Amino acid sequence: MDQRQINRLEMYQAVQSFMDTHTDIWNGVPVLVTFKNQFDEQLIKIRENQDSQEAAKTYLGTNKTTQKRFVSEKADILNDALEAYAAVEDKVELEQKAAKSFSDLYRLRNQDFIIIVNETILLLEEHLNDLQDYGVTADQITDLKNSFDRFLVLNGQPRQYRIAEKQATKSISELFDQTSTLLATKVDKVMKRFKRTHTSFYSGYQAARIIVGK
């Protein structure tokens, strides 16, 4: 990985972290959730591809503890919907399983955290049809899966969830080109919808998109 790629990777990670920190603002825009999932998948591939490249190790970016926080926040939001559904339908056991708050999840030991989050994802998928009336979408679950996969990668474990379609192995250069194109032609354009409604958020995104030391 050359210095130009390292600089771009830093920008990608800044964008990823910024968006994960402001999920509550953009998560209600389905097309943006889809593009964010694609972006996350690209970064996971880059991280997997760069494992043997010493120059990139300093720039692995998202801290494992920070990533655990992102996963806990997203799981908590979806758990609230699952808990509400279970309460309405009088599904006591399911309600108890879904009652885990952000703090309940975040304070778990990493191995217990992995078990519980995996169980949460399976429950969300199992009840997805019913949860759609409670505002839960398949893309939101995929978003949680991608964040969880990033945590697993940072924790030194293979990711559990992968995109459905099989793709040929891409070179690191191709991955960077694809990721930059995805941001420029899709994410950037959808982000413009927040230019007037969420000015600070939009400005923060623009700041994250700056490549330092081009």
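Each remark here, short or long, concerns the structure printed above.
Rules and cut-offs
- Residues numbered from 1 in each chain as written.
- Predicted model: local features only at pLDDT ≥ 70, side-chain atom pairs only at ≥ 80, totals over all residues.
- Heavy atoms only, no water.
- Helix = DSSP H or I, 4+ residues; strand = E, 2+ residues; numbered from the N terminus.
- Buried < 20%, exposed > 50% of the residue type's maximum accessible area, 1.4 Å probe, protein only.
- Contact = heavy atoms within 4.5 Å.
- Areas by Shrake-Rupley, 256 points an atom, 1.4 Å probe, with all protein chains shown as cover.
- Phe/Tyr/Trp six-rings, centres within 6.5 Å; stacked < 30°, edge-to-face > 60°.
- Lys NZ or Arg CZ within 6 Å of the ring centre and 35° of its normal.
- Axes fitted to C-alpha atoms, helices over the stretch in contact; angles between N-to-C directions.
- Left-handed = near helix turned anticlockwise from the far one by under 90°.
- Nonpolar A, V, L, I, M, F, W, Y, C, P; charged D, E, K, R; others polar.
- Core = buried A, V, L, I, M, F, W, Y, C linked by side-chain atoms within 4.5 Å.
- Expected span 1.5 Å × (residues − 1).
- Patch = residues over 30% accessible without salt bridge, like charges linked within 9 Å, V, L, I, M, F, W, Y side chains within 5 Å.
- Salt bridge = Lys/Arg side-chain N within 4 Å of Asp/Glu carboxyl O.
- Lys, Arg positive; Asp, Glu negative; His and termini not counted.
- Charge placed at Lys NZ, Arg CZ, Asp CG, Glu CD.

Caption draft 1: Geometry of the overall build of the chain. If you tally the helices and strands in the chain, you get 11 helices and 0 strands. For the chain, the proportion of its 214 residues judged to be buried stands at 45%. Counting only contacts in the chain whose residues sit at least 6 apart along the sequence, the fraction spanning at least 24 positions is 76%. Carbon and sulfur atoms make up 49% of the accessible area of the chain, which amounts to about 10800 Å² in all.

Caption draft 2: Structural context of the packing of aromatic side chains. Summed over all chains, the structure comprises 7 aromatic pairs. Ring geometry for Tyr12 against Phe39: centres 6.3 Å apart, planes inclined by 90°, an arrangement best described as edge-to-face. In this pair, Tyr12 is assigned in helix α1 (residues 3–21) and Phe39 in helix α3 (residues 30–49), connecting sequence segments 27 residues apart. Of the two residues examined, Tyr12 and Phe39, each falls in the buried class. The cationic tip of Lys68 hangs over the ring face of Tyr106; the distance from NZ or CZ to the ring centre is 6.0 Å. The ring of Phe113 is capped by Lys68, whose NZ or CZ atom sits 5.2 Å from the centre of that ring.

Caption draft 3: Layout of the packing of helix α4 (residues 64–88) against helix α7 (residues 110–126). Packing of α4 against α7 brings their axes to within 11 Å, and their N-to-C directions diverge by 35°. In this structure, the crossing between α4 and α7 has a hand that is left-handed. Counted together, Lys64, Lys68, Val71, Ser72, Leu78, Asn79 and Leu82 of α4 and Asn110, Phe113, Val117, Thr120, Leu123 and Leu124 of α7 form the full contact between these two elements. Its residues placed into classes, the contact of α4 with α7 shows 7 nonpolar, 4 polar and 2 charged.

Caption draft 4: Spotlight on the nonpolar core. Core analysis: the biggest nonpolar cluster contains 29 residues, and Tyr12, Leu32 and Met191 have the highest contact counts within it. Of all the elements in the fold, those that place two or more residues in this core are α1, α3, α10 (172–191) and α11 (199–208). The element contributing the most residues to this core is α10, with 8 residues. Not counting residues up to four positions away in its chain, the partners in contact with Tyr12 are Phe39, Leu43, Ile46, Phe176, Thr179, Ser180 and Leu183. Within the second largest apolar cluster, 26 residues are counted, among which are Ala75, Phe113, Phe148 and Tyr161.

Caption draft 5: Seen up close, α4. In this model, α4 (25 residues) spans 36 Å end to end at C-alpha, consistent with the 36 Å of a helix rising 1.5 Å per residue. Asp90 occupies a position one or two residues after α4 and carries a positive phi of about 60°.

Caption draft 6: Seen up close, a positive patch on the surface. A grouping of Lys189, Lys192, Lys195 and Arg196 is seen on the molecular surface, where their side chains present a positively charged patch. Residue classification places Lys189 among the exposed residues on the basis of a relative accessible area of 54%.

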